[in-house]
Amino acid sequence: MWWPTDMNVMAVSVVRPVVAAAMSLLVAGCGFQLRGAPPVSPALQPLAVDCAENVPGQLCDAVREQLELGRIELKPAEEADFVLKIGNFRQERRASAITLRAAAAEYTLRHTVDIEVLTSDNVPLIEPTDLNSSETYRYDESNVLAKQREEEALRDQLHNRLAQQIIFRLAPINEDRIERLRQEADQVRREGTGPSS
């Protein structure tokens, strides 16, 4: 059926809010998290996030924010049952493409960090692991200020990506896995303190 143009506009203006409202209800109803990170098990709490001095504050804040969004209780290390250690942050910026005049045409930024998760009695739930994220951007000598701003924005993105990777590593740690790792650690301790042959 053909409607005059005004009727088409009116129909669209009525339908859009209805569709938007329905989508928000669906999204809210299924527990969807906007940042796309998987849920961290409530078994991994109270949890402390222990960042080394050289780890950017924005990265630590992003990890804490993700955990709080997932309703994980955060506490200082001395009061927590589990500790997420984030350290040994490294950043690298290298030319990845060169112009005919031997100037950098592209740069690659790479951020790397080590993580480890321990129980309060030093049972490793995640052994020391390297995580990294990288991004390449074009460089323009004639617009240095704009490119500096772009590089800063990319650094922020890399911090957020690393935070998401950390959450992904925490996600599989549930109550069963914690119990199994505790039992394995107890067995290793018993074998280590047993009578020598």
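Throughout, residues of each chain are indexed from 1 in the direction in which the sequence is written. The predicted origin of the model limits local features to residues at a pLDDT of at least 70 and limits the giving and counting of side-chain atom pairs to 80 or more, whereas totals for whole chains, interfaces and linings rest on all residues. For side-chain calculations, the full set of non-hydrogen atoms in the structure is used, while hydrogens and water are omitted.

Draft legend 1. Structural view of the overall build of the protein. Scanning the protein from terminus to terminus reveals 4 helices and 4 strands. Secondary structure is summarised from DSSP: a helix means a run of H or I of at least four residues, a strand means a run of E of at least two, and numbering begins at the N terminus for each. Counted from the first residue to the last, the protein has its helices and strands arranged as α-β-α-β-β-β-α-α. The classification of residues rests on relative accessible area computed with a 1.4 Å probe and restricted to protein chains. Under 20% of the type maximum is buried, over 50% is exposed, and intermediate values are partly exposed. Looking at the protein as a whole, 31% of its 197 residues qualify as buried. Throughout, a contact is declared for two residues whenever any of their heavy atoms are within 4.5 Å. Taking contacts inside the protein between residues at least 6 apart in sequence as the whole, the part at least 24 apart equals 72%. Element-wise, carbon and sulfur atoms account for 52% of the exposed surface of the protein, whose accessible area totals about 12,700 Å². The Shrake-Rupley method, run with a 1.4 Å probe sphere, supplies the accessible areas, and residue values consider only the shown protein chains as cover.

Draft legend 2. Inspection of the environment of Pro 124 at higher detail. Relative to the helices and strands, Pro 124 resides in strand β4 (residues 124-138). Relative accessible area serves as the criterion here: at 29%, Pro 124 is assigned to the partly exposed category. Expressed as a C-alpha distance, the spacing of Pro 124 and Phe 82, which sit 42 residues apart in the sequence, is 9.7 Å.

Draft legend 3. A look at the pattern of salt bridges. Should a side-chain nitrogen of Lys or Arg be within 4 Å of a carboxyl oxygen of Asp or Glu, the pair is scored as a salt bridge. One pass over the structure, following the stated rule, counts 9 salt bridges. Arg 182 serves as the salt-bridge partner of Asp 121, at 3.2 Å between the closest nitrogen and oxygen. Taken together, the residues Asp 121 in the loop between β3 (104-119) and β4 and Arg 182 in helix α4 (residues 175-193) connect sequence positions 61 residues apart. Accessibility expressed as a relative area gives 38% for Asp 121, which makes it partly exposed. For Arg 161, the salt bridge identified is with Glu 135, shortest N-O distance 2.5 Å. Of this pair, Arg 161 sits in helix α3 (residues 144-170) while Glu 135 is found in strand β4, placing the two residues 26 residues apart along the sequence. By relative accessible area, Arg 161 is classed as partly exposed at 32%. Among the residues examined, Glu 135 registers a relative accessible area of 22% and is labelled partly exposed. In this structure, a network of salt bridges that share partners links the residues Arg 90, Asp 114 and Asp 130.

Draft legend 4. Main features of the side chain of Arg 155. Note that Arg 155 resides in helix α3. Apart from residues no more than four positions distant in its own chain, Arg 155 is found in contact with Gln 91, Arg 93, Leu 109 and His 111.

Draft legend 5. Examining the environment of Arg 169 more closely. Counting through the fold element by element, Arg 169 comes out in helix α3. Look at Arg 169 and you get partly exposed, because its relative accessible area is 40%. When the C-alpha atoms of Arg 169 and Val 117 are compared, they prove to be 9.8 Å apart, with 52 residues separating the residues in sequence. Once you skip the residues sitting within four places of it in the chain, Arg 169 turns out to touch Ile 115, Ile 126, Thr 129 and Leu 131.

Draft legend 6. Inspection of the confidence of the model for the protein at higher detail. pLDDT is a residue-level measure of predictor confidence that goes from 0 to 100. Averaged over the protein, the pLDDT score is 77; the fraction of residues at 70 or greater is 68%. Every residue in residues 1-35 scores below 50 in pLDDT, and together they form 11 contacts with partners more than four places removed in sequence or on other chains.

Draft legend 7. How the structure looks around the nonpolar core. Counting residues in hydrophobic clusters, the biggest one holds 29 residues, and the most contacted among them are Leu 44, Val 63, Leu 67, Leu 84, Ile 86, Val 113 and Leu 170. Those elements that place two or more of their residues in this core are β1 (47-51), α2 (57-69), β2 (82-98), β3, β4, α3 and α4. Not counting residues within four places of it along the chain, the set of residues in contact with Val 113 comprises Val 55, Leu 59, Ile 86, Gly 87, Asn 88, Phe 89, Arg 90, Thr 129, Asp 130, Leu 131 and Leu 162. Side-chain atoms within 4.5 Å link the members of a nonpolar core, which is a set of buried Ala, Val, Leu, Ile, Met, Phe, Trp, Tyr and Cys residues.

Draft legend 8. Spotlight on unusual backbone geometry. Following Gln 45, the chain continues into Pro 46 via a peptide bond in cis, with omega recorded as -5°. Among the secondary structure elements, Pro 46 is positioned in the loop between α1 (5-29) and β1. Phi at Asn 88 takes a positive value of approximately 50°, unusual for a residue other than glycine. With phi around 65°, Asn 122 is a residue other than glycine that occupies positive phi space. Structurally, Asn 122 is set in the loop between β3 and β4. You can call Asn 122 exposed: its relative accessible area is 53%.

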